[in-house]
Amino acid sequence: MSSRPLCLTVLLLFCLCKLGVAQRTFAVIVGVSDYLVGQPGKGDLQFSDDDARSFHALLRSAAGGSVPEENIRVLIDKRATRDNVLQALTIFGQATRNDRVIFYFSGHGERGMFLPYDYGTNRTATLWHDDIKAAFLRSQAGTKFLLADACMAGTMKKRNAQPHPVVAANSPLHNPDSKVIIILSSQDREYSRETADLKQGAFTFYLVEGAKGAADKNTDGVVTIKELASYVDHEVRKKTRNQQIPRVIGRFDENMPFTAVR
């Protein structure tokens, strides 16, 4: 067996550490195309399951940091119930200050919520934005990513969307030292588009392509948050003729690396 792939992996990990990227990544990836109960105006989607698989493949790749499978929870279609998602999010509790956590969602969205597989079966089957925020606040990770490909994802910025918010703004769970990067597919009142030619959501397609190297504008082998956000914004606007405008919010250094592609 050649030692070259191992050497390249070690070199990549060394570069990531030097660049300040977390030593370990813990991720929860959710994609819902086939919903349990149809809702008026909210039928099944075509490509959200493929979106989730694509993002999973990115994290498993060398560019994405070769994240171990045991550090990733993937919930697609019928596995993506509200309870299963909340249980999966407990993996963030394994992270330390040197680590990063990532929550990725592709599926239907409404103001203040993402819609899990069992949405519509009862009043509690809702994945509130505040549920995700609570999981982030409980985690000790120094870097936290939230990436969402859903309609009205931009409402994530609004506080206390849930009738009874699970985490107050002044909660001791709040860690002002953590870096938080939220990249959303759409603004408050916008729909997120699936495209037949790409066979994915436009946002996720360009997010993954950018992270794999297309966003590396200065060709230094590192895709920074600034480069990725700029690339995704430009390509999604172009693809949707400005009908969908991604949104980036949070508390972070825009030169922070997201992937290393060299």
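An account of the accompanying structure is given in this report. Note that the coordinates shown come from a computational prediction; the quantities given were computed from them, not determined experimentally.

### Looking at the side chain of E190
Looking at the element boundaries, E190 is found in the loop between strand 8 (179-184) and strand 9 (194-195). Buried and unpaired, E190 has no salt bridge, with R237 as the nearest side chain of opposite charge at 7.7 Å. Within the local environment of E190, its side chain forms a polar contact with the backbone nitrogen of Q187, the two atoms lying 3.0 Å apart. Apart from the residues lying within four places of it in its own chain, the contact partners of E190 are C151, M152, Q243, Q244 and I245.

### A look at the sheet that holds strand 1 (residues 25-31)
On the basis of which strands lie adjacent, the open sheet formed by six strands has the order 2-1-3-7-8-12 and mixed pairing. Of all the strands in the sheet, the pair left with one neighbour each is strand 2 (72-76) and strand 12 (247-251). With strand direction ignored, the average angle separating the axes of adjacent strands in the sheet is 5°. Here five bridges tie strand 8 to strand 12, and the two strands are oriented antiparallel to one another. Along strand 12, the bridge assignment pairs I183 with V248. Relative to the sheet, helix 2 (residues 48-60) contacts strand 1, strand 2, strand 3 (100-106) and strand 7 (143-149), its axis offset from that of strand 1 by approximately 165°.

### Considerations on the sheet that holds strand 4 (residues 109-110)
One open sheet accounts for three strands, arranged 4-5-6; its pairing is antiparallel. Two strands in the sheet have a free side with no partner beyond their single neighbour: strand 4 and strand 6 (127-128). In this structure, strand 4 lies alongside strand 5 (residues 113-114), joined through two bridges in antiparallel fashion. Directly across from G109, in strand 5, lies its bridge partner F114.

### Considering unusual backbone geometry
At D77, a residue that is not glycine, the phi angle is positive and equals roughly 50°. With respect to the helices and strands, the residue D77 is situated in the loop between strand 2 and helix 3 (82-88). One non-glycine residue, M152, lies in the positive phi region at around 55°. Turning to its location among the elements, M152 is positioned in the loop between strand 7 and strand 8.

### Quick notes on the packing of helix 5 (residues 202-214) against helix 6 (residues 225-240)
At a closest axis distance of 9 Å, the pairing of helix 5 and helix 6 adopts a crossing angle of 140°. Viewed along their axes, helix 5 and helix 6 adopt a mutual orientation that is oblique. Of the two possible hands of crossing, helix 5 and helix 6 adopt the one that is right-handed. For the pair helix 5 and helix 6, contact is made by A202, F203, Y206, L207, E209, G210, A211 and A214 and by L228, Y231, V232, E235, V236, K239 and T240, respectively. Grouping the amino acids of the contact of helix 5 with helix 6 by side-chain chemistry returns 10 nonpolar, two polar and three charged.

### Structural notes on the packing of aromatic side chains
Per the counting criterion, the structure on display carries seven aromatic pairs. Measuring from ring centre to ring centre gives 4.7 Å for F105 and F114, while their planes differ by 25°; the resulting arrangement is stacked. Pair check on accessibility: F105 and F114 agree, each one buried. Following the ring pairs from residue to residue traces out a cluster consisting of F103, F105 and F114.

### Side note on the pattern of salt bridges
For the coordinates displayed, the defined rule picks out 11 salt bridges. A salt bridge links R24 to D99, with the shortest nitrogen-to-oxygen separation between them at 2.8 Å. Of this pair, R24 sits in the loop between helix 1 (4-18) and strand 1 while D99 sits in the loop between helix 3 and strand 3; the two residues are 75 residues apart in sequence, bridging distant segments of the chain. Between K133 and D130 there is a salt bridge, and its shortest N-O distance comes to 3.8 Å. Within this pair, K133 and its partner D130 are both found in helix 4 (residues 129-138), separated by three residues, close to a single helical turn. For K133, a relative accessible area of 23% translates into the label partly exposed. In the salt-bridge network here, residues are joined through shared partners; they are D49, D50 and R53.

Rules used in this analysis
Residues numbered from 1 in each chain as written. Predicted model: local features only at pLDDT ≥ 70, side-chain atom pairs only at ≥ 80, totals over all residues. Heavy atoms only, no water. Helix = DSSP H or I, 4+ residues; strand = E, 2+ residues; numbered from the N terminus. Buried < 20%, exposed > 50% of the residue type's maximum accessible area, 1.4 Å probe, protein only. Lys, Arg positive; Asp, Glu negative; His and termini not counted. Salt bridge = Lys/Arg side-chain N within 4 Å of Asp/Glu carboxyl O. Polar contact = N/O pair within 3.5 Å; in protein donor to acceptor, adjacent residues only side chain to side chain. Contact = heavy atoms within 4.5 Å. Pairing = 2+ DSSP bridges. Axes fitted to C-alpha atoms, helices over the stretch in contact; angles between N-to-C directions. Parallel < 35°, antiparallel > 145°, perpendicular 65-115°, else oblique. Left-handed = near helix turned anticlockwise from the far one by under 90°. Nonpolar A, V, L, I, M, F, W, Y, C, P; charged D, E, K, R; others polar. Phe/Tyr/Trp six-rings, centres within 6.5 Å; stacked < 30°, edge-to-face > 60°.

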